[in-house]
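Spelled out, the chains give:
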Amino acid sequence: MTAPLERRYRRLLLAYPAAYRRSHGAELLTALLDAAGPDRVRPSRRDVVDLVRGGLRQRFRLPVGKAPVAVAVFAALLFGALGAGIGSFLGWCTVAPLRVDPTATQVASLAIGEPYAGGFSRDDGWQGRAVTIQAVDPRYIPGWTRDAAGDRFTAAGWSIESVGDGHFVASRGDLRVRVSGPLPAPPSPDGVRPVSTLAPVDVVIWSEPPPAVPFGVAAGWLAGAAGGWLLAAWTAYELLRTRSWPRRGAAVTLMLASLLVLLLPVLHTYLLIGAGIVLGPDSWGPPAPVYVGFIDTDAVGVPLLGLAAIALACLVAGGRRHRPEVAAAPSEP
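Calculation criteria
Residues numbered from 1 in each chain as written. Predicted model: local features only at pLDDT ≥ 70, side-chain atom pairs only at ≥ 80, totals over all residues. Heavy atoms only, no water. Phe/Tyr/Trp six-rings, centres within 6.5 Å; stacked < 30°, edge-to-face > 60°. Helix = DSSP H or I, 4+ residues; strand = E, 2+ residues; numbered from the N terminus. Patch = residues over 30% accessible without salt bridge, like charges linked within 9 Å, V, L, I, M, F, W, Y side chains within 5 Å. Areas by Shrake-Rupley, 256 points an atom, 1.4 Å probe, with all protein chains shown as cover. Salt bridge = Lys/Arg side-chain N within 4 Å of Asp/Glu carboxyl O. Buried < 20%, exposed > 50% of the residue type's maximum accessible area, 1.4 Å probe, protein only.

**Section: the packing of aromatic side chains**
Working definition: an aromatic ring pair is given by the centre-to-centre distance plus the angle between the planes. The final tally for this structure, using the stated rule, is five aromatic pairs. Aromatic side chains Phe 89 and Tyr 291 sit 5.2 Å apart centroid to centroid with 90 degrees between the ring planes, which places their arrangement in the edge-to-face category. Within this pair, whereas Phe 89 is found in helix α4 (residues 66-92), its partner Tyr 291 is found in the loop between α9 (281-284) and α10 (301-318), the two being separated by 202 residues in sequence. In this structure an aromatic cluster arises from ring pairing among Phe 153, Trp 158 and Phe 168.

Written out as structure tokens, the structure reads:
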């Protein structure tokens, strides 16, 4: 009965890092088998919980020092931002992208008070998923007022959600529209009208984020942050185990290069997350999707270059598989 139990314990020991298993795996397995007794064929629930918890603790543990902690924190923030972007994109994929169709033309016509014959711009690029559509031919409409435009939307079955000095936000179903135009002309004794009273009527249409988007952002961030921390811990121990200073220098150089390359996309992503949480669409229109931080249509190669530098740094740090163990992982199970 020992062989099946031993196989099950060995599978549970996979929760520990490979270096820890090489150093302490046999000793830990022997202790587990001795404590189990001759009649047991399956690990107890307590053993399963203890082994999984101990393995995770070893995988997340860092070498002593401030530098590994700083690198791990940045890696968690970096891959957390990347995971949030991926989760945001997958969340938006659960709904159909916005398209320029008769509905958009009808909305623009309601906004300006006459048939709209212009075009629309989309905010998508190579990913092909428009979240926002905007009228590209806004012009000044004499006699246009915010209240009259709001009445037209209300009569067409839209709900007015917020009203500003020269704008309002209307919603119907999962569509939202922000309409802005000239401000009311204040009384002026000299007859000169401010420029704000001659502003064109602007129309922005967007979809409500599906429920999968905030869930995808949160789940993607947690998964990415955990993965980044684990990758930083693995790389730190790999660098401690190698005696090759050129390999250490190359890995550190590549990591610093990735830091410089990815700093802007990471900051952009967190600003988008903060804008989605703090700022509402009532005054400023819809915030950009979180995935725009990494999937920018003009600079999509920049984050790819930074991620390639990280992958190369990990390969350099790993080096050859057969080499002496100079710095073993911590010994606590």
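**Considering a nonpolar patch on the surface**
A cluster of nonpolar side chains, namely Val 252, Leu 256, Leu 259, Leu 263 and Leu 267, defines an oily patch on the protein surface of about 400 Å² accessible area. For Leu 267, the position within the fold is in helix α8 (residues 245-278). We classify Leu 267 as partly exposed; its relative accessible area is 46%.

**A short note on the pattern of salt bridges**
Opposite charge on two side chains permits pairing when their charged atoms draw close. In the structure shown here, the tally under the stated rule is seven salt bridges. The partner of Arg 139 in a salt bridge is Glu 114, with the nearest N and O atoms 2.0 Å apart. Within this pair, whereas Arg 139 is found in the loop between β2 (132-135) and α6 (146-155), its partner Glu 114 is found in the loop between α5 (102-112) and β1 (120-122), the two being separated by 25 residues in sequence. Residue classification places Arg 139 among the partly exposed positions, given a relative accessible area of 42%. Classification of Glu 114 as partly exposed rests on a relative accessible area of 30%. Overlapping salt bridges, with partners in common, bring together Arg 46, Asp 50 and Arg 53 in one network.

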